Each structure stands twice: as structure tokens, then as C-alpha cells.
Amino acid sequence: MPTLFLAEDDPLMSRMYERAFKLNGFDLKISFDGEDAINTLKSMNPKPIVALVDVMMPKKSGFDVLREMKQDESLKNIPVILLTNLAGEKDAEKGLELGAVLYLVKSQYSPKEIVTKVKEISAGYERKEGIPEVKVSIKNIEEK
Amino acid sequence: MNINKKIISFLILSVLTVSIVFTFNSISTLSKNQADNIDLFKKEFLELSRELFNKDYNLFFDNIDFQNNNKSPKNNKQLLDFITKTYSKSGDVIVMNISDGQVTDGFSNSKMTTLFDKSIIDGYLKENILNQKTDFDLDNFDKFSADKTNTVIPSKVHFRIYNDSGIIVGYGQDFVTAKIRIEFIERQNVILFKSQFYLAIGIFVGITLLITLLMIFIMRSIIIKPLQKISAAVDVITKGDLTKNVDIKSKDEFGYLAESFNIMTGRLKESYAYLEDKVKERTSELDIKVKEITQNNIELENNKIVIQNLLEDFEEEKNNAEKLVVIRTKELSDEKARLLASINSLTMGFAIVDIKGNFMINNPSILYILDVLENIKSLDEISTILDIKGESLLKRLEKCIVDKCIIEMSELMFGKKYLRLFLTPVFSSDSVCIGGVLLIEDITEAKVLERSRDEFFAVASHELRTPLTAIRGNTEMILTDYKDKVNDSDVKEMLTDIDEASVRLIGIVNDFLEVSRLEQGNISIKNTKFDMLNVTEKVIASLNNEAEKKKLSLKIITPKKSLPEIYSDKDKIEEVLFNLVGNSIKFTESGSISISFETVDNKLKVLVSDTGKGISLKNESLLFRKFQPAGDDILVRDVTKSTGLGLYISKMMIEKMGGNIGLEKSEQGVGSVFFFTIPIVS
């Protein structure tokens with residue numbers, strides 16, 4: 001069973017996504033803050049096929065987690081989806097610049113749609129075809 | 001003075017004048033002759049002197065040469081001895097060494113040095129020695145003049161050089177005796193001139209007296225006697241006696257005059273009688289006139305009384321007017337007081353400045369806002385206090401007077417305060433600028449509010465969405481993944497309602513946030529080149545499901561020519577089109593929705609036509625307003641369809657991108673056509 005990783009401090013969210021992924025045949029490891037996220041990711045074996053990371057979290061922000069992952073040899077190849085309700089355009093740009101494959105505004109996607117996105121990415125990842133090109137729709141991103 | 005004396009004085013004066021003019025003429029002639037005589041004498045005298053001198057010095061030098069040659073002296077000592085022997089009393093001798101120009105012993109003669117300045121002699125000798133001359137003269141004849149002021153004594157020196165002995169010998173003479181002779185002659189001339197002058201005057205005075213006496217005698221007999229007779233007759237007539245005649249029998253002008261005079265007195269007698277009659281007549285006429293005038297005076301007096309009455313009335317009117325002015329003045333001062341009170345009570349800083357920027361009136365608020373204690377006197381002080389960069393406020397005001405504009409400076413940082421400043425020129429009724437009005441507003445509080453509003457939106461966007469996402473996500477999962485477990489149809493319906501509510505709420509939150517961003521201008525346009533047809537196809541694809549649900553056909557009317565390339569913000573255009581097509585789907589029950597294109601000027605016009613129920617005229621004007629759905633009446637709104645912000649957002653975005661949006665046409669029961677325009681790549 002493919003394993004995913006989710007960093008999400010809000011139990012409302014984490015429970016919902018956990019249910020959705022498990023229903024779709026994924027195993028899910030969850031961290032509730034940024035620091036724990038990095039430690040958990042390092043200790044995980046095998047590594048998750050996709051990491052979903054919230055931006056606003058205690059201790060370390062999602063951006064920090066992403067930055068540290070990209071500096072770690074064992075973590076830098078894990079595709080990262082930033083999953084957040086922080087809908088600023090600048091935030092989205094920053095996330096993609098740091099190496100996230102997707103920047104998704106939670107309120108704009110149902111859990112099912114997010115599962116679909118993860119499937120698309122993991123399929124490409126498994127086939128070693130690289131990460132599929134995805135765009136961030138302006139409809140979901142606000143400008144600041 | 002009678003005529004007799006006048007004539008005599010005149011005659012004497014004229015004769016005297018003639019004699020004086022003549023005398024002066026003689027004197028000037030005499031003086032000229034005298035000057036000529038002196039010049040002539042000077043010339044002759046100098047010539048004679050030169051002749052005599054030449055003889056003298058030739059004799060002198062011949063003597064020396066003779067002795068010198070015969071006795072052959074070999075040194076200057078011997079030569080000097082000869083000169084001593086030859087030296088005559090008639091002239092002066094000087095002997096000098098050639099080498100140093102010093103006077104040789106025994107041969108300086110005081111007279112020589114008084115005749116000529118030693119330096120002149122030295123310079124002169126040097127020049128001639130250089131030119132290798134052996135004989136030469138030095139004289140001052142050209143400086144000598146023969147008038148009385150002359151002080152230069154005419155004198156002459158002849159030099160001869162004896163190279164063998166190494167000496168120069170000078171022989172000179174002065175002609176002082178000649179000068180005395182000239183003076184004597186001059187004196188003689190003056191005496192001669194004086195005697196001639198006195199004689200001339202004597203003769204002229206004598207002749208003058210003779211002529212005068214003769215003239216007086218003639219005058220008396222010819223003119224004065226008849227005149228005296230006439231004068232006496234006139235005296236008599238003046239006293240009123242017209243019977244007196246003048247007795248002159250001569251045949252000349254006086255005889256005629258006397259005759260005419262007699263005729264005249266006769267005529268006068270007649271005239272006088274006539275005049276007396278006339279006077280009587282005129283006197284009676286005057287009496288009548290006087291009566292008339294008296295009558296007129298009475299009338300005038302009456303008129304005067306009327307005018308006085310009028311003047312009194314006028315005075316009263318004037319007093320009334322003055323009272324009115326006093327009242328008006330009071331009203332004006334009250335008005336001014338009210339105005340001042342209003343200005344002083346303003347929380348906004350207020351000042352009126354004159355054309356030079358000096359303060360005329362200001363309220364306390366302006367001092368409070370600018371944190372100053374002392375009164376401000378000019379605009380320049382304001383510029384300094386606010387640290388205004390670039391041109392001073394006064395300069396800007398001067399420009400505004402010409403351009404008739406208003407200066408507005410919003411968000412001026414002043415310490416911890418944010419200020420807004422307005423400066424407006426004030427024009428009098430005849431369009432002459434008489435100064436300006438300055439307003440300064442403390443907008444710190446407004447800025448703080450604005451900032452907290454921004455923060456509110458940031459929090460709202462994040463915190464509202466999170467729970468909404470949970471509601472939406474969970475409901476949707478129940479309805480899809482757990483639908484087998486929800487068997488009760490009521491529960492299922494309730495869950496569907498929750499799902500729809502959450503979707504709508506998310507939509508509202510998003511629309512609200514978007515509107516607030518647009519209204520604050522927090523929106524950036526990212527222009528790129530793109531093909532409008534692609535965008536349209538994408539929008540149709542994403543809305544096809546919705547249309548199919550209502551069995552509406554959704555189509556693009558493909559243009560005959562390929563569409564021009566667009567330069568605009570692709571995502572925003574997509575959103576606007578999505579909005580318009582979405583609205584059409586919402587408000588159309590059957591038929592079709594079609595999208596077509598037109599090129600107008602430099603813009604591409606996109607038209608969205610539907611076969612909906614149309615929009616009534618009265619609602620047309622409400623379209624594109626906030627919270628105004630595209631559908632119908634404001635009170636009969638279908639909240640299930642929209643928040644009413646879609647068209648408002650679309651309008652703001654299109655206008656920001658330099659385009660236009662609106663209702664092309666609409667007919668109730670037939671359908672509506674909406675459009676928007678976008679700039680084409682030029």
C-alpha cells in the first residue's frame with residue numbers, strides 16, 4: 001500500500017484527509033507541527049510517495065519544512081504538495097519557487113479532487129516520468 | 001518826462017553810441033598796429049644780434065687759431081694761455097675737457113651758466129661730439145619773445161673743438177641791452193596810442209554836442225510847438241468846453257491835424273446832444289426792465305423754497321440709507337463672526353493665505369495638527385514643518401493659479417501622524433487670484449482603520465475557509481463515499497443542503513474578498529499575449545456540464561477571419577467570460593447561449609447572447625452594481641443563483657484592463673446580449 005505523508009495542525013482537516021486517502025487505498029502518516037514533520041519524514045522507511053504540507057503550522061511553517069526537505073538528500077526527491085487556505089498569490093509563487101509541485105487552496109478542492117491530484121503525481125513518480133506539469137489556477141489564488 | 005526831453009535824450013544817446021563804437025574800433029586798430037611793430041622789431045633785432053655775434057666770435061676764434069698755428073702749442077696748458085690772452089670783455093668764454101665735460105681751470109664764467117642750463121650744454125655737446133662736428137652754435141632765440149612778460153634773455157654760444165689739445169672752447173654773448181630797447185619802444189608806442197585816443201574822444205564829443213544842439217533847435221520849432229498847441233486845446237475840451245479851436249496855419253501834417261481836430265470838436269458837439277436824448281430813452285427802458293426783474297426775483301424765491309423742501313426730503317432719504325448701511329454692516333460682521341466660529345471649530349486645519357503665501361486667517365486646529373505652539377505666519381513655514389520635498393507649497397500654489405488646479409497631498413508622513421493636505425487658489429469675482437485656502441487633515445485614524453481592515457481580510461480569508469472546507473469536504477464524502485450508509489431520504493436531502501450551503505458560502509467569502517481587494521485597488525494586472533478563441537473554448541468546456549443539465553446548447557460562433565491577438569490579463573479575462581456565460585446559463589431556461597466576436601477600433605468585442613427571459617429597462621441601470629444579480633428585480637432575487645457580485649467584479653476588472661463591459665441589448669422574452677471589450681495588440 002503506497003504511503004503518503006501529511007503535515008496538518010488542524011484535526012478537522014487531518015481527520016477529513018486521512019479518511020479520504022484511506023478510502024482510496026493510501027496509507028497516511030500525519031504530523032501536527034513543522035518540527036515533527038521533518039523528524040517523521042527522516043525516520044520514515046520507505047519514504048512517502050507524496051508529502052502534503054500545510055503552510056501555517058506551529059513551530060515551523062510549511063515553507064521551512066519544504067526548504068529543509070530540499071536540503072536533505074533523502075527527502076529532496078519526494079514531491080511536495082502545499083495544501084493550505086492561505087490564498088495569497090505571493091505565497092503561492094513562493095511555494096512553487098521553493099520546489100513544491102502544487103500549491104492547492106483547500107477550500108477550492110474537495111478531498112476527492114485532492115486524492116485525484118495525488119494519484120496523478122504518484123503515477124508519474126512511479127513511472128519515473130517526472131512530475132506532471134500542474135498549474136495554479138488564479139481563481140483559487142488571491143493577490144495581495 | 002515830456003516829449004521834448006525824450007527826444008533830446010534819445011538824440012544824445014544815439015550820438016554817444018556812434019562815437020563809442022567808432023572809438024573802440026580805433027583802439028583795436030591801434031593795438032594791432034602796435035603788436036605788428038613789436039614782432040617786426042624782434043625779427044630785425046635778432047638778425048642784427050646774430051650778425052654782430054658772428055663777427056665777434058669769428059674774431060675771437062681766428063685770434064686763437066692764429067696764435068695756435070703760429071706758436072704751435074702741443075698741450076692744452078699752452079692753448080689756455082693763448083685763450084687767456086685773447087679773451088675779450090665783449091663776450092663770455094668757457095673751456096671744457098672733451099673727455100669728461102668738466103670746466104677747465106680758470107675758464108668758468110658765471111654768466112655762461114646763467115645763460116644756459118649746464119645739463120642742456122652737456123647734452124648738446126655730447127650729441128655734436130658724437131656726430132664729429134668741430135663747430136656748432138647753441139642759442140635760445142626761438143624762446144625769446146618781445147612782449148613785456150618775456151624773461152628769457154636772448155643769448156648765443158659758439159663752440160669749437162680742439163682735438164689735439166683735448167678741449168672744447170665756447171664763446172657766448174647775451175643781448176640783454178636789446179631787451180631794454182624793446183621795452184622802451186613799447187612804452188613809446190603806448191604814449192603815442194594814448195594821445196591819439198584822447199584826441200579822438202575830444203573831437204567826437206565836440207561834434208556830438210554840436211549836432212545835438214542843432215537837432216534840439218529844429219525839433220522845437222517843427223514838432224513840439226504845434227504839439228503843445230494841440231495839447232492845450234485837448235485840455236480845454238477835456239474840461240467840457242467844445243467851443244475851443246486850434247490855431248495852426250502851417251501847411252504840413254500839423255496844419256491838417258489842427259483842421260481835423262477842429263472838425264472833430266464840431267462833430268463831438270452834435271454827438272453829445274444826440275447822446276443825451278438816447279440816454280433818456282434808455283433810462284425809461286431800463287425802468288421797465290427793472291420791474292420785470294423784480295417780478296422774476298419773486299418767482300425765483302418761490303422756486304428756492306420748493307428746492308429747499310426737496311433737499312430736506314433727500315436728506316431724510318439719505319439718513320434712512322445710512323441706517324440701512326449700519327444694519328447691513330452689523331449683519332456682515334455677524335456673518336463674519338459666524339464664519340470665523342465655524343472655521344475655528346473645524347477639526348481640520350484651515351488657513352487662508354494671501355498671494356504671497358502669508359497667513360491671513362487660520363484656526364487653532366492647524367497648530368494642533370502640526371504640533372506647534374506659536375502662530376504660523378506663512379506657507380513657507382508649513383513647507384519647512386512638513387519637510388516637503390521638491391518645490392515649496394508657495395511655488396506649487398503659483399503654478400496652480402495659472403493652471404487653476406488643486407494641490408492634494410495625501411498620506412504625508414508627519415512624525416507618527418498621517419496628514420492629508422489640500423491647497424486651492426481662491427479667485428475673486430473678476431477672476432483675479434487673491435490667495436489660497438489651505439486645509440490639513442489628520443488622517444492617522446483612518447489609516448489605522450484601513451490597516452486593521454486589511455488584517456481583517458487576511459484573517460477572514462484564512463480562518464473562514466478552514467472550517468468551511470471541513471464542512472464541504474466531509475459532506476461531500478458522506479454523499480459519495482458513504483452514500484450506502486445514508487438510507488434515509490430526509491437525511492440525504494439535509495446533507496445535500498449542507499453541501500450546497502457550504503459551496504455557496506465559500507463562493508460568497510471568495511467574492512467578498514475579491515470585491516474588497518478590487519475596491520482597494522489591490523489587484524495587479526499581468527498582461528500577456530494570447531488567443532481569445534482558446535480562452536473561450538476552455539470556458540465552454542468547464543461550463544458544458546451546467547448547460548447540459550438544463551439542456552441548453554452552448555456554442556461559439558466561429559469568426560470568418562482569425563481573431564487578432566489579445567494583450568491583456570488572460571486569467572482575469574477568463575474569469576469575466578466564465579462569469580458572463582455562467583450568468584446566461586443561470587437565467588436561461590431553454591434555447592441556447594452563443595459567444596461571438598467583433599473587432600471595433602483597437603479592441604476585440606466579445607458578445608455573449610442568450611435566449612433567456614431578458615432584462616426589463618428599469619433593471620438595466622441596476623446591472624453591474626454591488627449585490628445586484630443579473631436576473632431580475634432587486635427584491636425578487638433568487639439567492640440560489642448568485643451573490644450578485646459577479647457582474648460588479650467583472651466590471652471592475654475589465655475597466656482596470658482598459659476595456660468596457662455592458663448590456664448590448666435585451667428584449668423581454670427574447671433574450672439578452674452582454675459584451676465586453678479588450679485591447680488588441682497594436
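All values derive from a computational prediction rather than experimental measurement. (Residues numbered from 1 in each chain as written. Chains lettered and ligands numbered in written order. Predicted model: local features only at pLDDT ≥ 70, side-chain atom pairs only at ≥ 80, totals over all residues. Heavy atoms only, no water.)

## Let's talk about the overall build of chain A
Thought 1: Secondary structure summary: chain A contains five helices and five strands in total.
Thought 2: Here chain A, with 144 residues, has 51% of them falling under the buried criterion.
Thought 3: Considering only intrachain contacts with a sequence separation of at least 6, the fraction spanning at least 24 residues in chain A is 66%. (Helix = DSSP H or I, 4+ residues; strand = E, 2+ residues; numbered from the N terminus. Buried < 20%, exposed > 50% of the residue type's maximum accessible area, 1.4 Å probe, protein only. Contact = heavy atoms within 4.5 Å.)

## Quick notes on the overall build of chain B
Thought 1: A count of helical and extended segments in chain B gives 16 helices and 16 strands.
Thought 2: Going through the 682 residues of chain B one by one, you find that 35% of them count as buried.
Thought 3: For chain B, the proportion of contacts with a sequence separation of at least 24, taken over those separated by at least 6, is 58%.
Thought 4: Split by element, the accessible area of chain B, about 42800 Å² in all, is 58% carbon and sulfur. (Areas by Shrake-Rupley, 256 points an atom, 1.4 Å probe, with all protein chains shown as cover.)

## Some words on the interface of chain B and chain A
Thought 1: Facing the 25 residues of chain B at the interface are 26 residues of chain A.
Thought 2: For the pair chain B and chain A, the summed buried area comes to about 2300 Å², and 52% of that belongs to carbon and sulfur atoms.
Thought 3: Our count for the chain B to chain A interface comes out at one salt bridge.
Thought 4: Counting across the interface, chain B meets chain A through five residue pairs in polar contact (both at pLDDT 80 or more). (Buried area = accessible area lost by both parts, 1.4 Å probe. Salt bridge = Lys/Arg side-chain N within 4 Å of Asp/Glu carboxyl O. Polar contact = N/O pair within 3.5 Å; in protein donor to acceptor, adjacent residues only side chain to side chain.)

## Here we look at the nonpolar core
Generally speaking, a soluble globular protein has its nonpolar side chains buried in company with each other.
Residues and elements named next belong to chain B.
Thought 1: Core analysis: the largest hydrophobic core is formed by 42 residues, its most contacted members being Met532, Val581, Leu604, Val606 and Phe676.
Thought 2: Elements supplying a minimum of two residues to this core: helix H12 (489-520), helix H13 (532-549), helix H14 (570-586), strand S13 (592-600), strand S14 (603-610), helix H16 (646-656), strand S15 (661-667) and strand S16 (671-679).
Thought 3: Residue contacts for Leu604: discarding those within four places in its chain leaves Met532, Leu563, Pro564, Ile566, Phe597, Glu598, Thr599, Phe676, Thr677, Ile678 and Ile680.
Thought 4: Listed in part, the 27 residues of the second largest apolar core include Ala351, Cys400, Leu419 and Cys433. (Core = buried A, V, L, I, M, F, W, Y, C linked by side-chain atoms within 4.5 Å.)

## Comments concerning the sheet that holds strand S4 (residues 167-174) of chain B
Residues and elements named next belong to chain B.
Thought 1: One open sheet accounts for four strands, arranged S1-S4-S3-S2; its pairing is antiparallel. With one partner strand each, in any of the chains shown, strand S1 (92-97) and strand S2 (135-139) form the two edges of the open sheet. Averaged over all pairs of adjacent strands, the angle between strand axes in this sheet comes to 20 degrees, irrespective of strand direction. (Pairing = 2+ DSSP bridges. Axes fitted to C-alpha atoms, helices over the stretch in contact; angles between N-to-C directions.)

## Observations regarding the state of the cysteines
Here, the word disulfide means a covalent bond between the sulfur atoms of two cysteines.
All names here are of chain B.
Thought 1: Evaluation of the coordinates by the stated rule reveals one disulfide over all chains.
Thought 2: A sulfur-sulfur separation of 2.4 Å characterises the disulfide bridge that pairs Cys400 with Cys405. On the sign convention where negative is left-handed, the bridge of Cys400 and Cys405, at about -90 degrees about the S-S bond, is left-handed.
Thought 3: Owing to a relative accessible area of 3%, Cys400 belongs among the buried residues under this scheme.
Thought 4: Not engaged in a disulfide, the cysteine Cys433 finds its nearest cysteine sulfur in Cys400; these two sulfurs lie 9.9 Å apart. (Disulfide = S-S within 2.5 Å.)

## Some points on helix H6 (residues 253-345) of chain B
Thought 1: The end-to-end C-alpha distance of H6 of chain B is 110 Å, clearly below the 138 Å that 93 residues give at a rise of 1.5 Å each.
Thought 2: Inspection of H6 of chain B places Phe254, Gly255, Ala258, Phe261, Asn262, Thr265 and Ile343 of chain B among the buried residues, and these make up the whole buried set. (Expected span 1.5 Å × (residues − 1).)

## Observations regarding the packing of helix H3 (residues 62-71) of chain A against helix H4 (residues 89-97) of chain A
All names here are of chain A.
Thought 1: Between H3 and H4, the shortest axis-to-axis distance is 10 Å and the interhelical angle comes to 15 degrees. One element, H3, and the other, H4, form an angle in the roughly parallel class. Handedness of the H3/H4 crossing: left-handed. Contacts between H3 and H4 involve Phe63, Leu66 and Arg67 from the former and Asp91, Lys94 and Gly95 from the latter. (Parallel < 35°, antiparallel > 145°, perpendicular 65-115°, else oblique. Left-handed = near helix turned anticlockwise from the far one by under 90°.)

## Considering the confidence of the model for chain B
Thought 1: Per-residue confidence for chain B gives a mean pLDDT of 80; residues scoring 70 or more make up 86%.
Thought 2: Overall fold confidence (pTM) sits at 0.42, and the ipTM for the predicted complex is 0.79. (pLDDT = per-residue confidence, 0-100.)

## A few points about unusual backbone geometry
Thought 1: Cis peptide bonds are those with omega within 30 degrees of zero, and the linkage from Asn45 of chain A to Pro46 of chain A qualifies with 0 degrees.
Thought 2: Here Pro46 of chain A is to be found in the loop between helix H2 (34-43) and strand S3 (50-53).
Thought 3: Within the chain, Lys59 of chain A stands out as a residue other than glycine whose phi angle is a positive 70 degrees.
Thought 4: Take Lys59 of chain A: it is sitting in the loop between S3 and H3.
Thought 5: Backbone geometry places Asp601 of chain B, a non-glycine residue, at a positive phi of 50 degrees.
Thought 6: By secondary structure assignment, the location of Asp601 of chain B is in the loop between S13 and S14.

## Details of the sheet that holds strand S2 (residues 27-31) of chain A
Residue and element names in this part refer to chain A.
Thought 1: The five strands are arranged S2-S1-S3-S4-S5 in an open sheet whose pairing can be described as parallel. The open sheet is flanked by S2 and strand S5 (102-105), the only strands paired with a single partner. In this sheet, neighbouring strand axes are inclined to one another by 20 degrees on average, regardless of whether the strands run parallel or antiparallel.
Thought 2: Pairing between S3 and strand S4 (residues 80-84): three bridges, direction parallel. Bridging across to S4, Val53 finds its partner in Leu82.
Thought 3: Across the sheet, H3 touches S3 and S4, and the angle it forms with S4 is around 175 degrees.

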